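This is what each chain is made of:
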Amino acid sequence: MEPIRTLRSRTAVLPVSDVDTDQIIPARFLTTTTREGLGKHLFADWRYGPDGIPRPDFALNRAAAEGCAILVAGNNFGCGSSREHAPWALTDYGFRAVVSTQIADIFRSNSLKNGLVPVIVDPDTHRWLLEHPGAEVSIDLETATLRHPAGEAHFPLEPFARYCLINGVDELGFLLGRETEIAAYEGRAGIQ
Amino acid sequence: MSTTPQTLFEKVWRAHEVAAERADTPAVLYIDLHLIHEVTSPQAFTVLRQRALKVRRPQLTFATMDHSTPTRTEQVFGGAPIAIEAAARQVRELEVNCAAFGVELLDLRNDRRGIVHIIGPELGLTQPGKTVVCGDSHTSTHGALGALAFGIGTTEVGHVLATQCLLQRKPRTFAINVEGRFPAGVGAKDLILSIIGRIGIGGGTGHVIEYRGGGIRSLDMDGRMTVCNMSIEAGARAGMIAPDETTFAYLSGRLHAPRGEDWERALEHWRALPTDPGARFDREIDIDASTLEPMVTYGTHPGMVIPIGGAIPERPGDPVFEKSLAYMGFSPGQPIKEHPVNVVFVGSCTNGRLSDLRLAASLLRGRKVASGVQMLVVPGSQQVKREAEAEGLDRVFLEAGAEWRESGCSMCLGMNGDLVAKGHYAVSTSNRNFEGRQGVGARTLLASPLTAAACAVRGRVTDPRELM
Ligand code: SF4
């Protein structure tokens, strides 16, 4: 994983609450056996009309949303299935952070493993961000702070997740390094 | 020895700590049972190959195929090709991966195959006190046996394959105390839907729920699994129920359950698992089962739920709510009863077990599915299918005009082509009514098997108690 210390971008705003993983990436696109290429199906049923043509009124289809790496969504983002295809689709599309007031557990865990920063902010900050699409925002992982033109907010970032993001450490390597303890546990538990 | 009273969750968690959590690192948690399926495993095996790793404990890993598999008998057993090419590719890839890494696979034609959360308990793989994971959020189902069971992403599937461990922060605990007797026509599905309606779809975030009390103990294992299954719809990491005599009777004699002296030893261990008197939960709520009614969802997430005799709420000035109702084609204040229905689906890891099929059949016996309504009954596993057929339930469904299929996830998520048409209303015993879940533009009403069967008979949203 690429180390990330700071993210700086304009925001794309999707003012929808309770965005579930079936919206982020509908099930019919889960038949892939690789991680790549899911960005074109991100929010497929909202983004495209029945004819496959992008809907001009969908937030991400507006010219101003192009190239934004920070997605600000409504309350409670990422509920539903454990499909890691959801963060894969978001990162393949170009997002590096998702901002909401609450982010579902499995989605948050999956995001952290794919370099997509889940940012949970207070309702006031959230409201300001929703009302100012395209705002220049920076996210500093070292201090777990989101800064926008009118203020800043701290967000919770589990210390180990922060360490992994900042140093580009992957958890698998870390777990493999615990071999002695794992083998000792298996010995105690009688697992061969 | 510590005398601090512990919860069921804490006991299972502690017993699996390879390393306890610290301020700067999560716990390393050992996993006793890893279930895998075709949709969320391919990329994990790719990582193993790239890093030249083996599956650490193949004997603790079991694979099945369920999400994208066909349910039409000719495609499963008749040699007809799987209609969806991408699904066929995933199925082949799982076969190749399991063969290459030495993992036991219940393949398409295996008579023990089924939805991953149905077969774990059914085969006796899921046991009290175990840690169980799967690349699927409804892994919470297995908690009904007193296991700590939760869904993981594909990267974590790779972690467990390679190390049999996961890095986890300890979740908080949440007790839901259910007392009172369930009224006739009201069951486990109605209970969990009303819990989600009460605490909300984010209400359990960061928590492991323990369902407790006489109301829970009165449920059979199938009903307990229905409740734990939908813990994730309340945002919880996992749901658990303390093992008791009902649990032990269910497990006894199952294929992978311990036998003889091992069984006695296991029982001793399992009996020590329930939450100690005086143990503290981070959060608690009480539910009186005797006040529950059949529940049905009206919106686009499972928290948008009302008693079947109720009216759709009014929330003026809430654009998200309005958008959801527009998708569903409902208006605020409208009663949900008598609304026409196009499709009825009985199945899924929520309600695809034998008791569920019995409930649905009890209302359909001697009746017909209303004309113009498609009813699909999909058993949760091949074993459930055989057991249902041995009781003649298949005849009840077929004679009523319903379709009787091979097992799989089917119309729960429509990956295999079992879809609801755009704009159509489906009463479904599954767990998610998200926009497009059962097909682009499909409108899902979640309900119990009894309610679903009643809706099929009348072709309208119907309170099952009217037909009982
Ligand atoms: S039946 Fe539905 S919810 Fe259950 S595992 Fe299959 S797709 Fe997931």
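Preceding this paragraph is the structure being described.
Small disclaimer: the values here were computed from a predicted structure and weren't measured.

*Asks:* Describe in detail the layout of surface pockets, supporting the description with residues and values.
*Replies:* In this structure, the second largest pocket occupies an estimated 870 Å³ of space. Lining the second largest pocket are 33 residues, with A:Asp45, A:Trp46, A:Arg55, B:Lys323 and B:Glu435 positioned closest to its centre. Elements that contribute at least two residues to the lining of the second largest pocket include exactly helix H2 (44-47) and helix H5 (123-131) of chain A together with helix H12 (319-328) of chain B. It is H12(B) that contributes the most residues to the lining of the second largest pocket, four residues altogether.

*Asks:* Run through the interface of chain A and chain B, naming residues and quoting values.
*Replies:* Each side of the interface is counted separately: chain A has 53 residues, and chain B has 61 residues. Both faces combined, the contact of chain A with chain B buries some 4700 Å², and carbon together with sulfur accounts for 58% of it. Applying the counting criterion to the chain A and chain B interface returns seven salt bridges. Across the pair A:Glu186 and B:Arg56 runs a salt bridge, and its minimum N-O distance is 2.8 Å. Taken together, chain A and chain B are joined by 24 residue pairs in polar contact (both at pLDDT 80 or more). Only helix H1 (21-24), H2, helix H3 (85-93), helix H4 (105-112), helix H6 (159-167), helix H7 (171-176) and helix H8 (179-189) of chain A provide two or more residues apiece to the side of chain A that touches chain B. Of all the elements, H8(A) adds the most residues to the side of chain A that touches chain B, at seven residues. Split by residue class, the side of chain A that touches chain B holds 18 nonpolar, 17 polar and 18 charged.

*Asks:* So what's going on with a negative patch on the surface? Which residues, and what values?
*Replies:* Residues and elements named next belong to chain B. On the surface, Glu179, Glu284, Asp286 and Asp288 cluster together into a patch of negative charge. With three residues, strand S12 (residues 283-288) is the single largest residue contributor to the negative patch. By the element assignment, aspartate 286 lies in strand S12.

*Asks:* Give me the nonpolar core: which residues, what numbers.
*Replies:* Membership of the largest hydrophobic core comes to 87 residues, with the highest contact counts inside it found for B:Leu148, B:Ile176, B:Leu191 and B:Tyr211. Top element by residues in this core is helix H7 (residues 188-199) of chain B. It accounts for seven residues. Filtering out sequence-adjacent residues up to four positions away, B:Leu148 remains in contact with B:Phe9, B:Val12, B:Trp13, B:Lys130, B:Thr131, B:Val132, B:Val208, B:Ala238 and B:Met240. A:Leu30, A:Trp46, A:Ala73 and B:Met415 belong to the second-largest nonpolar core, a separate cluster that totals 86 residues.

Here is what the cut-offs are and how they apply
Within each chain, residue numbers correspond to sequence positions counted from 1 in written order. Working convention: letters from A go to chains and numbers from 1 go to ligands, in the order in which they are written. With pLDDT at 70 or above as the cut-off, local features in this predicted model cover only qualifying residues; side-chain atom pairs require 80 or more to be listed or tallied, and sums for whole chains, interfaces and linings still use all residues. To get the side-chain values, take all heavy atoms of the structure and skip hydrogens and water. Lining residues are defined by having an atom within 4 Å of a point belonging to a cavity or pocket. Those points lie on a 1 Å grid over the protein atoms alone, cavities being sets where a 1.4 Å probe fits but cannot get out and pockets being open sets with protein on both sides within 12 Å along at least five of seven lines. Grid points are joined across faces, edges and corners, and a volume is the space filled by probe spheres set on the points. Put simply, DSSP marks the helices as runs of H or I at least four residues long and the strands as runs of E at least two long, and each gets a number from the N terminus on. Throughout, a residue-residue contact means that at least one pair of heavy atoms, one from each residue, lies within 4.5 Å. Two parts lose some accessible area (1.4 Å probe) when they are put together, and adding that loss for both gives the buried area. For this analysis, a salt bridge means a side-chain nitrogen from Lys or Arg found within 4 Å of a carboxyl oxygen belonging to Asp or Glu. In the analysis that follows, any N or O atom pair within 3.5 Å is treated as a polar contact, provided that within protein one partner can donate a hydrogen and the other can accept it, and provided that, for residues neighboring in sequence, both atoms belong to side chains. For this scheme, ten residues count as nonpolar: Ala, Val, Leu, Ile, Met, Phe, Trp, Tyr, Cys and Pro. Four count as charged, namely Asp, Glu, Lys and Arg, and the remainder, Gly too, count as polar. A patch consists of residues exposed above 30% relative accessible area that lack any salt bridge, with like charges linked at up to 9 Å and nonpolar side chains (Val, Leu, Ile, Met, Phe, Trp, Tyr) linked at up to 5 Å. Accessibility throughout is a Shrake-Rupley quantity obtained with a 1.4 Å probe, and a residue counts as covered only by protein chains that appear here. Under the counting rule used here, the positive set is Lys and Arg, the negative set is Asp and Glu, and His together with the chain ends is not counted. Note on charges: their place is set at NZ of Lys, CZ of Arg, CG of Asp or CD of Glu. Buried residues of nine kinds, namely Ala, Val, Leu, Ile, Met, Phe, Trp, Tyr and Cys, make up a nonpolar core once their side-chain atoms join them within 4.5 Å. For every residue, the accessible area obtained with a 1.4 Å probe (protein chains only) is divided by the maximum for its type, and the residue is called buried under 20%, exposed over 50%, and partly exposed between those limits.

So far we have only geometry, and geometry alone does not tell us how the molecule works.
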